[in-house]
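Chain and residue survey
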Amino acid sequence: MKLRWRASLTAAALTLALAAPAWAQNVVHQKININTAAPTTPFPHFWENFGSGHSTMALRAQYLHDLRMVKKATNFQYVRFHGILDDSNGVYSENAHGQLVYNFQLVDQIYDGLLKNGVRPIVEISFMPKQLAFNPYDLHVFWYHPNVSPPKSWKKWDDLIHAFAQHLVHRYGIKEVSTWYFEIWNEPNIDFWGGIPRQKSYFQLYAHTARALKSVSPRLRVGGPATAHAAWIPAFLDYMHAHNVPVDFVSTHGYADDTVWNYFHTHQHIPMDQRVCKAIAYVDGQIAASPTPHLPLLWTEWNVQGHYQDRDTTFVGPALANTVRQCDGKVKMMSFWTFTDDDFEEGGPIAHPFNGHFGLIAEGGIKKSSFYDFSLLHQLGDVRLANPSKDAIVTRTKNGTLAIAVWNLVDIGPDSVGKNGFVQGPTKHITLHFTGLPAGATATISRVDNQHGNTLAFYRKMGSPQYPTMAQVAQLNKESALPPPTHRKIVDGRLNLTLEPDALLMVKVKAPGQ
């Protein structure tokens, strides 16, 4: 991924975190009709996968601590990170006679740690070991300076990939490793790949790598092109089909604040809260029109917009929910970048918590609003009921309970902040109107909003310590923890809700006796 973090909070976002009273001046009323007998479709939790930064961070105690917290809240299945072949893991070297030396000790520790905690890897095949690089000094600007050069010898690269995959199969078994995904490189269409010409040389890298993996077992799943801005998909699929190169899935990346031009090469206006899913639908169409039209799509990096908003605020919840609503049925997997700020070292060690990074957990193990947002959406069922609302997802759980996400998204842009610094968004009074619901049904309501799960506000109230102590971290997590759900009766098939700007609610509805 590119350097997408923000160095400081916007004044609007800080005001949003602290100044709820101004919102009451702008109120709208809305009704959402919910037919409990509406047609249903399967609803796999495709959004519950995560990225993390550099592979070596997975060796740290804080990384595994944060991973366990997010696993408990979301039961996520896959994680993806950069640089499993980087020199920091000591995988590849050559002795004085030019003979290859492989060392998978740290690789084993990394993958052992994931699997022991119930998480599988999306194995990003990157970056280039220095002694194997055509240009040992072709280093990326990231703080840990990965080498992005092509290999100096395709034979040595093939041998490395074969040995790497063979070792994984020997250690974990083909039954396990065949459930992983092997994604070749990271964003080769930008500065993460130094091959010339960029696209043609990447296709060569992909072909060599895919064939080397499949030589170990045809059951290993391999895909790409792992591009930024959803680029190269038709050319990639055409080339691999023409040259009989195996492709088991398509992967690419896209963020809400990537430009419309980068996605679609047009100047049309598309709001940021719609860009990711429109790009997914666009790529889905490209796959359908390709020689291999049934390949699954993995969106292995994404996040909500951070250009005018701030990813440390309550904005993340409704933006996440709205993305899930739009992308459902168009993509097999989405990997949210990232599950924790503690492993994010693209620009070096993070100087202090809450500076707009991507994770669900702030530096030091502090649960952010987005942590609670993901935990609420995890409570959605595995069957979705058809509903036209743009502000709700209606599902049913295995025990028959209705689980409904409702939100009030204020996706701001350059003209969305008033002269007083407040986000120009209304409080919403939303009435859920149920049909087909038996008399006596009850609801429980959980929420993340300005008063619930808003860790940033508690952190600022604490004085924004640069280095929170363990006691302060524990205090922040205790103060921000969501209280037990509130209980409400549903009267005449109606449930009235009040949502501040950027609030996310989880409503669970049970029939009498459930």
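Computed from a predicted structure; not experimentally measured.

Turning to the sheet that holds strand β21 (residues 494-499), a few remarks are in order. Here 3 strands make up an open sheet; going across it, the order is β1-β18-β21 and the pairing mixed. Two strands close off the open sheet at either side, each with one partner strand: β1 (27-35) and β21. Averaged over all pairs of adjacent strands, the angle between strand axes in this sheet comes to 20°, irrespective of strand direction. Pairing between β1 and strand β18 (residues 427-435): 9 bridges, direction parallel. Looking across to β18, one finds that Asn33 is bridged to His433.

Within the element layout of this structure, Gln274 appears in helix α9 (residues 272-288). Note on Gln274: relative accessible area 28%, which makes it partly exposed.

Bringing the pairing of strand β17 (residues 402-407) into the picture now. Most of β17 sits inside the fold, with 6 of its 6 residues counted as buried. Where strand β16 (residues 392-396) lies against β17, 5 bridges are found, and the strand directions are antiparallel. Along β17, the bridge assignment pairs Ile393 with Ala405. Where β16 folds back onto β17 in an antiparallel hairpin, the turn is made up of 5 residues, including Gly400, whose phi is positive at roughly 95°.

Below, the discussion takes up the pattern of salt bridges. Using the criterion set out here, one finds 17 salt bridges in the structure. With a shortest N-O distance of 2.5 Å, Glu183 and Arg80 are connected by a salt bridge. With a gap of 103 residues between them, Glu183 in strand β8 (residues 181-184) and Arg80 in strand β4 (residues 78-82) connect regions that are remote in the sequence. Taken as a pair, Glu183 and Arg80 share a single burial class, namely buried. Here Arg120 makes a salt bridge to Glu176, at a shortest N to O gap of 2.8 Å. A residue pair is termed long-range when its members are at least 10 positions apart, and Arg120 in strand β7 (residues 120-125) and Glu176 in helix α5 (residues 174-177) qualify at 56 residues. For Arg120, a relative accessible area of 28% gives the class partly exposed. Look at Glu176 and you get buried, because its relative accessible area is 18%. Salt bridges sharing partners connect three or more residues here, namely Arg80, Glu124, Glu183 and Glu301.

So, about helix α2 (residues 61-74). The first and last C-alpha atoms of α2 sit 20 Å apart over 14 residues, in line with the 20 Å expected at 1.5 Å per residue. Of all the residues in α2, the buried ones are Tyr63, Leu64, Asp66, Leu67, Met69, Val70, Lys71, Ala73 and Thr74. On the buried face of α2, the contacting elements are β3 (49-54), β4, α3 (105-116), β13 (361-362), β14 (366-367) and α11 (369-377). One or two positions beyond α2, positive phi appears at Asn75, with a value near 55°.

Counting 115 residues, the largest nonpolar core has Tyr111, Phe164 and Trp299 as the members making the most contacts within it. The next biggest cluster of nonpolar side chains, apart from the first, holds 23 residues, and it includes Ala38, Leu385, Ala392 and Ile490.

The next point concerns the sheet that holds strand β20 (residues 486-489). Read across the sheet, 7 strands follow the order β2-β15-β16-β17-β22-β19-β20 without closing on themselves; strand pairing throughout is antiparallel. Looking at which strands have only one partner, the edges of the open sheet turn out to be β2 (40-42) and β20. Across the sheet, the mean angle separating the axes of adjacent strands is 30° when strand polarity is ignored. Relative to strand β22 (residues 504-510), β17 is paired through 6 bridges, and the arrangement is antiparallel. Pairing of Leu402 across the sheet is with Val509, part of β22. Sitting on the sheet, α11 is in contact with β17, β19 (442-448) and β22, with an inclination near 155° to β19.

Note that an α-helix has 3.6 residues per turn; residues three or four places apart therefore point the same way. Along its 19 residues, helix α4 (residues 154-172) runs 27 Å from first to last C-alpha, staying within 8% of the 27 Å computed at 1.5 Å per residue. Of the residues making up α4, those classed as buried are Trp157, Leu160, Ile161, Ala163, Phe164, Ala165, Leu168, Val169 and Tyr172. A distance of 3.4 Å separates the backbone nitrogen of Lys155 from a side-chain oxygen at the start of α4, and that oxygen is part of Ser153. Looking one or two residues past α4, Gly173 carries a phi angle of roughly 90°, positive in sign.

Moving on, we get to the packing of aromatic side chains. One pass over the full model with this rule turns up 34 aromatic pairs. Pairing Tyr102 with Phe104 gives two aromatic rings, centres 6.1 Å apart and planes at 25°, and the pair type is stacked. Using a relative accessible area of 29% as the deciding quantity, one classes Tyr102 as partly exposed. Between the aromatic rings of Tyr172 and Trp180, the centroid separation amounts to 5.6 Å while the plane-to-plane angle is 50°, which identifies the pairing as tilted. Grouping residues by exposure puts Tyr172 and Trp180 together as buried. Ring pairs connect the aromatic residues Phe50, Tyr63, Phe76, Trp302, Phe336, Phe339 and Phe374, which therefore count as one cluster. Arg221 extends its terminal NZ or CZ atom over the ring of Tyr181, reaching a point 3.9 Å from the ring centre.

Cut-offs used in this document
Residues numbered from 1 in each chain as written. Predicted model: local features only at pLDDT ≥ 70, side-chain atom pairs only at ≥ 80, totals over all residues. Heavy atoms only, no water. Pairing = 2+ DSSP bridges. Helix = DSSP H or I, 4+ residues; strand = E, 2+ residues; numbered from the N terminus. Axes fitted to C-alpha atoms, helices over the stretch in contact; angles between N-to-C directions. Buried < 20%, exposed > 50% of the residue type's maximum accessible area, 1.4 Å probe, protein only. Salt bridge = Lys/Arg side-chain N within 4 Å of Asp/Glu carboxyl O. Expected span 1.5 Å × (residues − 1). Contact = heavy atoms within 4.5 Å. Core = buried A, V, L, I, M, F, W, Y, C linked by side-chain atoms within 4.5 Å. Polar contact = N/O pair within 3.5 Å; in protein donor to acceptor, adjacent residues only side chain to side chain. Phe/Tyr/Trp six-rings, centres within 6.5 Å; stacked < 30°, edge-to-face > 60°. Lys NZ or Arg CZ within 6 Å of the ring centre and 35° of its normal.

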